[in-house]
Amino acid sequence: MADKPIFDKKNVLVTGGAGFIGSHLCEDLLKTSRVICLDNLITSQESNIDSLLKNQDFEFIRHDMSTPFDPEAFPELARFKIKFQGIQEIYHLACPTSPRKFEQYKMQTLFANSLAMKHVLDIGVRYKSKVVHASTSVVYGSRTEDGHRFEENEYGMVDMLSPRACYDEGKRFAETCCATYRQSQGLDVRIARIFRTYGPRMPLFDGHMLPDFITNALDGKDLEIFGDETFKTSLVFVTDVVDGMMKLMASQEDIGPVNLGSDLDIPIVDVAQRILEMTGSQSKLVFKSSLMFMTQLGLPDLTKAKEKLGWIPLVMLDNGLKKSIDYTISHKSLLGFGQIR
Amino acid sequence: MAREAPIFEKKNILVTGGAGFIGSHLCDALVGDARVICMDNFSTSQVANIEHLLQNPDFEFINHDITQPFDLEAYDELERFHIKFQGIQEIYHLACPISKLYFENFKIATILTNSIGMKNVLDTAVKYKSKILYASSSALYGPRRNGQMSVSESDECHIDHLTDHGAYDEGKRFSESILFTYGNVYGLDVKITRLFRAYGPRAKIFDGNLLPDMINHALENKDIVLPTAEDVRMGLCYVSDAVDGMLRYMNSPVDVTLLNIGSDQEHFLSGIAGSIVQLCGSSSKVKFDTTMAYGTREAPLPDITKAKQLLGWIPLVRLDDGLRKMIDYARSQRQQRSSF
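Residues numbered from 1 in each chain as written. Chains lettered and ligands numbered in written order. Predicted model: local features only at pLDDT ≥ 70, side-chain atom pairs only at ≥ 80, totals over all residues.

1. Observations concerning the overall build of chain B
For clarity, the cut-off: Helix and strand assignments follow DSSP, with helices taken as H or I runs no shorter than four residues and strands as E runs no shorter than two, numbered in order from the N terminus. Here the radius of gyration uses the C-alpha set of atoms, whereas the globule reference equals 2.2 Å times the residue count to the power 0.38. Counting other C-beta atoms within 10 Å of each residue's C-beta, where C-beta atoms are placed from the backbone, gives the exposure class: buried for 20 or more, exposed for 12 or fewer, partly exposed between. Residues are treated as contacting if the C-beta atoms built from their backbones sit within 7 Å of each other.
Counting its secondary structure elements, chain B contains nine helices and 15 strands. Taken over C-alpha atoms, the radius of gyration comes to 20 Å for chain B, in line with the 20 Å a tight globule of 340 residues would show. In terms of overall dimensions, chain B has C-alpha extents of about 60 × 50 × 40 Å along its principal axes. Within the span of chain B, comprising 340 residues, buried residues form 49% of the whole. In chain B, of all internal contacts separated by at least 6 residues, the share reaching a separation of at least 24 is 79%.

2. Details of the sheet that holds strand β5 (residues 130-136) of chain A
Residues and elements named next belong to chain A. Our working rule: For two strands to pair, DSSP has to find at least two bridges joining them. Angular values range over 0 to 180 degrees, each being the angle between N-to-C directions of two axes fitted as lines to C-alpha atoms, with helices fitted over their stretch in contact.
If you walk across this open sheet you meet the seven strands as β3-β2-β1-β4-β5-β7-β12, and the pairing is parallel. Strands at the two margins of the open sheet, each flanked by one partner only, are β3 (58-62) and β12 (258-260). Taking each pair of neighbouring strands and ignoring which way they run, the sheet shows an average axis angle of 20 degrees. Summarising the sheet, strand β4 (residues 89-92) and β5 pair through four bridges and their orientation is parallel. What sits directly across from E89, in β5, is K130. Running over the sheet, helix α4 (residues 165-185) touches β5 and β7 (189-194) and is turned about 155 degrees from β5. Helix α6 (residues 238-250) contacts β4, β5, β7 and β12 of the sheet and is inclined by roughly 160 degrees relative to β7.

3. Let's talk about the confidence of the model for chain B
For the record, the criterion: A residue's pLDDT is the confidence the predictor assigns to it, expressed on a 0 to 100 scale.
In the predicted model, chain B carries a mean pLDDT of 93, and the fraction of residues at 70 or more is 96%. For this predicted complex, the interface confidence score (ipTM) comes to 0.92, while the overall pTM stands at 0.94.

4. So, the interface of chain A and chain B
How big an interface is tends to be stated in terms of accessible area lost as the parts join. As a reminder of what qualifies: All amino acids are sorted into three groups, where Ala, Val, Leu, Ile, Met, Phe, Trp, Tyr, Cys and Pro are nonpolar, Asp, Glu, Lys and Arg are charged, and the leftover types, Gly among them, are polar.
Counting from both sides, the interface comprises 24 residues of chain A and, opposite them, 28 residues of chain B. Elements represented by at least two residues in the side of chain A that touches chain B include exactly α3 (106-127) and α4 of chain A. Here the element with the most residues in the side of chain A that touches chain B is α4(A); it accounts for 13 residues. Here the residues of the side of chain A that touches chain B are counted per class, giving 13 nonpolar, six polar and five charged.

5. Thoughts on the sheet that holds strand β7 (residues 190-195) of chain B
All names here are of chain B. Read from one edge to the other, the open sheet built from seven strands follows the order β3-β2-β1-β4-β5-β7-β12, with strand pairing classed as parallel. Each edge of the open sheet is held by one strand with a lone partner, namely β3 (59-63) and β12 (258-261). Pairs of neighbouring strands in the sheet enclose a mean axial angle of 20 degrees, with direction left out of account. The sheet contact formed by strand β4 (residues 90-93) and strand β5 (residues 131-137) spans four bridges and is parallel. Residue pairing for β5: E90 is matched across the bridge by K131. Helix-sheet contacts for helix α3 (residues 107-128) involve β1 (11-16), β4 and β5, and the interaxial angle to β4 is about 170 degrees.

6. A word on unusual backbone geometry
One non-glycine residue with positive phi stands out, namely F205(A), at about 50 degrees. What makes F205(A) partly exposed here is the crowd of 13 C-beta atoms within 10 Å. The phi dihedral of N221(B) is positive, around 55 degrees, even though this residue is not glycine.

7. Points about the packing of helix α5 (residues 210-219) of chain B against helix α7 (residues 269-279) of chain B
All names here are of chain B. Let me state the cut-off plainly: Orientation labels follow simple angle bins: below 35 degrees gives roughly parallel, above 145 gives roughly antiparallel, 65 to 115 gives roughly perpendicular, and whatever is left gives oblique. Left-handed describes a crossing whose near helix is turned anticlockwise from the far helix by less than a right angle; the clockwise case is right-handed.
For the pair α5 and α7, the least separation of the axes is 9 Å and the interaxial angle reads 40 degrees. Here α5 lies oblique to α7, going by the angle between them. Crossing hand, α5 versus α7: right-handed. Contact residues: α5 offers M214, I215 and A218, while α7 offers A273, I276 and V277. Here the contact of α5 with α7 is built from residues that sort into six nonpolar, no polar and no charged.

8. A closer look at the nonpolar core
Quick note on the threshold: Residues of type Ala, Val, Leu, Ile, Met, Phe, Trp, Tyr and Cys that are buried and joined through C-beta atoms within 7 Å form what is called a nonpolar core. Throughout, the edges of the domains are those of an automatic or database domain assignment.
Ranked by size, the top nonpolar core spans 188 residues in total, and within it V14(A), C37(A) and V15(B) carry the most contacts. Both domains that meet at this core, namely domain 1 (10-195 + 237-260) and domain 2 (198-234 + 263-296 + 315-334) of chain A, each give it at least three residues. Those residues in contact with V14(A) that lie beyond four places of it in its chain are G22(A), L25(A), C26(A), L29(A), V35(A), C37(A), L38(A), Y91(A) and L93(A).

9. Some words on the domain arrangement of chain A
Residues and elements named next belong to chain A. For chain A, the domain assignment lists domain 1 (10-195 + 237-260) and domain 2 (198-234 + 263-296 + 315-334). The C-alpha centroid of domain 2 is placed 26 Å from the C-alpha centroid of domain 1. Contacts between domain 1 and domain 2 engage 20 residues on the former and 20 residues on the latter. Looking at the side of domain 1 that touches domain 2, the elements with two or more residues in it are α1 (20-29) and α6.

10. A few points about α7(B)
Counting along an α-helix, one turn takes 3.6 residues, and residues three or four places apart therefore face a common direction. Residue and element names in this part refer to chain B. Counted only if it meets this: In this description, one arc is meant: the one made by directions from the helix axis to the C-beta atoms.
Every buried residue belonging to α7 is among L269, I272, A273, I276 and V277, and all of these are buried. An end-on view of α7 places all buried positions within 140 degrees of arc, on one side of the element. Buried residues in α7 make contact with α5, β9 (224-226), β10 (233-235), β13 (266-268), β14 (286-288) and α9 (319-339). Looking one or two residues past α7, G281 carries a phi angle of roughly 60 degrees, positive in sign.

11. Here we look at the packing of α7(B) against α9(B)
Residue and element names in this part refer to chain B. At a minimum axis distance of 10 Å, the contact between α7 and α9 shows a crossing angle of 55 degrees. Classified by the interaxial angle, the pair formed by α7 and α9 is oblique. Viewed along their axes, α7 and α9 form a crossing whose handedness is right-handed. Of the residues in α9, those touching α7 at S275, I276 and L279 are L319, D320, L323, R324 and I327. For the contact of α7 with α9, the residue count by class is five nonpolar, one polar and two charged.

Now the structure itself:
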């Protein structure tokens, strides 16, 4: 066991590594590290990491983190020499996030935020790893009327007896687990509060709106908005979030939770319109009743991220949308749209 | 085979944390009319609290840490309860480490109890379709705010989850969420009571708590120095009243998920201290020190309108009567301690 790797490359564990954000993170980490990617593929997809599977520095293990994980018990990880090299860093992203199938994954969500969190922290203690926990803007509760931007020291209003509690309150509890392990085990664990993120590999047909806007615009189908004209959101491009998480991991001091997101509030209809323009689509916007797990989220105050991490979101909306559209076009057949469904 | 109604005349009831302060009084009240399985790991509770029950054929103690899975049918000592056929009709879930002096030592155990422990207990409830009542805490409401004296069940809970005390405060919140979600997903009958400050015999006398410390000082004729301003007030609910509220809640047909149980009678802390001095026949003086770090915030009182209306419950025991019993208990504890 070692705090520093004996050889040149760090061993990094990414839970939820086959998810939307997790897969981009794995990709970036592979430039400098060896990556062990864990995922149970319930709301993520193996296709997200297909291109990484051949990389000698990458290993995917299908595992549900709500059961304990012993990295030394897997023969496929032998070349990472974990017993001697240890695990230097852990990024914990595993948690079901599906607006459409929210009901179906309630129990898994509870367990991801408790059992899985514990197992991750235990691995952190075992290898004295640094841990970055991917938390969320929902810990601040709903957005306030006046477009207030949440600072990290606020704790908002979350109803622990709501149908969404397994996620909202669960994420709060997961943060408390991190704080408690820091306090009583001395574990170096950092908390990234991630706001609404978009980009390539967002799950399709799952209620996330934006990726479906793109496929439907390309397909000449209606763009469905779950809500009305007043639905506003901030959007941060996925590579910016990945960059923020890595900066948080690299930061020297313990700076407490950090907001990673965009503080620019945009009506979702404007985003939809922009997509129509960029794709030259004739599709129409239609409004559907809102989904419990797809709400206007709060907005971040980014002062801390700027001052402590030197981080700001860099990718402009138009560029991010263009990348998302290009990705969708090039993966058209793989993504399974443009066909009867 | 799980049964909602017992075949024989007596219900099987599981009490987790049954050797604790409130849990042991609850076991006392249940035993006789029901068969009681008391589960505890003595992490912050004491065997002395249940010693008098151990010979009772309707009582069985299981030494188990609820953060580890358990199967009640696997215990030989529970054979006479015929759990496989009789099922478990009710679960009172009170287990959670609680210690003012040694909180640090129990932090990890506290978050595990409030997640994995809760899960294990609920899995048992799912297996036997038991009704379950969870003892939550008034800590969830946070301190008094906006001059509002009392809190009702519909009030928002506003607490920071990243403090040194998050393992307990936030843990209890998450426990409520787990319970609520299980109720939702499995159609369980779940009840949450937020207990406010309770007092009485078997409250820990040597754990740095406000009331026991006052009693200790009075019995030693030392000055009672309160870490508060002179006008601080609090509600105090005698333990048998709290237990009575929980029993009524469990047995009420009313479908209510959340209920405050505590006393809405407010007492000046200085007055409580004065009563203690008097009841102890002590020469202690009561002083105030506002520079001390903890305990200076006034906790809110419960709004117990709901419990009154739905359960016909109100706290009955007068403060002086309750304090007298608690002082007697403290005396005996102190004697035992000095005889070692």
